[in-house]
Amino acid sequence: MSGTSWTFSHVAEQKTKEIGIRKVLGASTFSILNVINREFIAIVSISIVIGSGLGYWFMSDWLEGYAYRIDFEWWFIPLAAIVILGIALLTVTTQSIKAAS
């Protein structure tokens, strides 16, 4: 199980009453997904911002030690960020639907 889905499962257990109350009061599944996804996407985004700078610095420094090396292009980081956000959103949405059902 990935770290994100385990974390969400733990939070979903803690928020079971909140999700239940929202459903009883008429909240749609989409609104529940929106509340839960917003929290996790914010955490993942902050992690990406912090990790991007460190990753770029470490990779550039590490690659300089090789005689035959590739250039570390700027677009590697946004591409990785998009993939990471997509996986996080898919994982959290899947777990949110399970918890909201």
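Coordinates for the structure precede this section.
Residues numbered from 1 in each chain as written. Predicted model: local features only at pLDDT ≥ 70, side-chain atom pairs only at ≥ 80, totals over all residues. Heavy atoms only, no water.

### Concerning the packing of aromatic side chains
Applying the stated criterion across every chain, the model contains 3 aromatic pairs. Taking the centre distance of 5.6 Å and the plane angle of 90° together, the rings of Trp62 and Tyr66 count as edge-to-face. Trp62 gets classed as partly exposed once you look at its relative accessible area, which sits at 49%. (Phe/Tyr/Trp six-rings, centres within 6.5 Å; stacked < 30°, edge-to-face > 60°. Buried < 20%, exposed > 50% of the residue type's maximum accessible area, 1.4 Å probe, protein only.)

### What to know about the packing of helix H2 (residues 16–24) against helix H3 (residues 29–63)
Following both chains from N to C, one finds H2 and H3 inclined at 145°, their axes separated by 10 Å at the closest point. Regarding H2 and H3, the two cross each other, and that crossing is right-handed. Facing Ile19, Arg22 and Lys23 of H2, the residues of H3 in contact are Thr29, Ile32, Val35 and Ile36. Class assignment of the residues belonging to the contact of H2 with H3 gives a composition of 4 nonpolar, 1 polar and 2 charged. (Axes fitted to C-alpha atoms, helices over the stretch in contact; angles between N-to-C directions. Helix = DSSP H or I, 4+ residues; strand = E, 2+ residues; numbered from the N terminus. Left-handed = near helix turned anticlockwise from the far one by under 90°. Contact = heavy atoms within 4.5 Å. Nonpolar A, V, L, I, M, F, W, Y, C, P; charged D, E, K, R; others polar.)

### Concerning the nonpolar core
In this structure, Ile19, Ile32, Ile36, Phe40, Val92 and Ala100 together form the largest nonpolar core, which totals 6 residues. Those elements giving two or more residues to this core turn out to be H3 and helix H4 (76–100). With 3 residues, the single largest contributor to this core is H3. (Core = buried A, V, L, I, M, F, W, Y, C linked by side-chain atoms within 4.5 Å.)

### With respect to the packing of H3 against H4
The contact between H3 and H4 brings their axes to 9 Å, and the two run at 155°. On the basis of their axis angle, the class for H3 and H4 is roughly antiparallel. Where H3 crosses over H4, the handedness of that crossing is right-handed. Here Thr29, Ile32, Leu33, Ile36, Asn37, Phe40, Ile41, Val44, Ser45, Ile48, Ser52 and Tyr56 of H3 come into contact with H4, specifically with Ile77, Ala81, Ile84, Leu85, Ala88, Leu89, Val92, Thr93, Ser96, Ile97 and Ala100. In terms of residue class, the contact of H3 with H4 is built from 17 nonpolar, 6 polar and no charged. (Parallel < 35°, antiparallel > 145°, perpendicular 65-115°, else oblique.)

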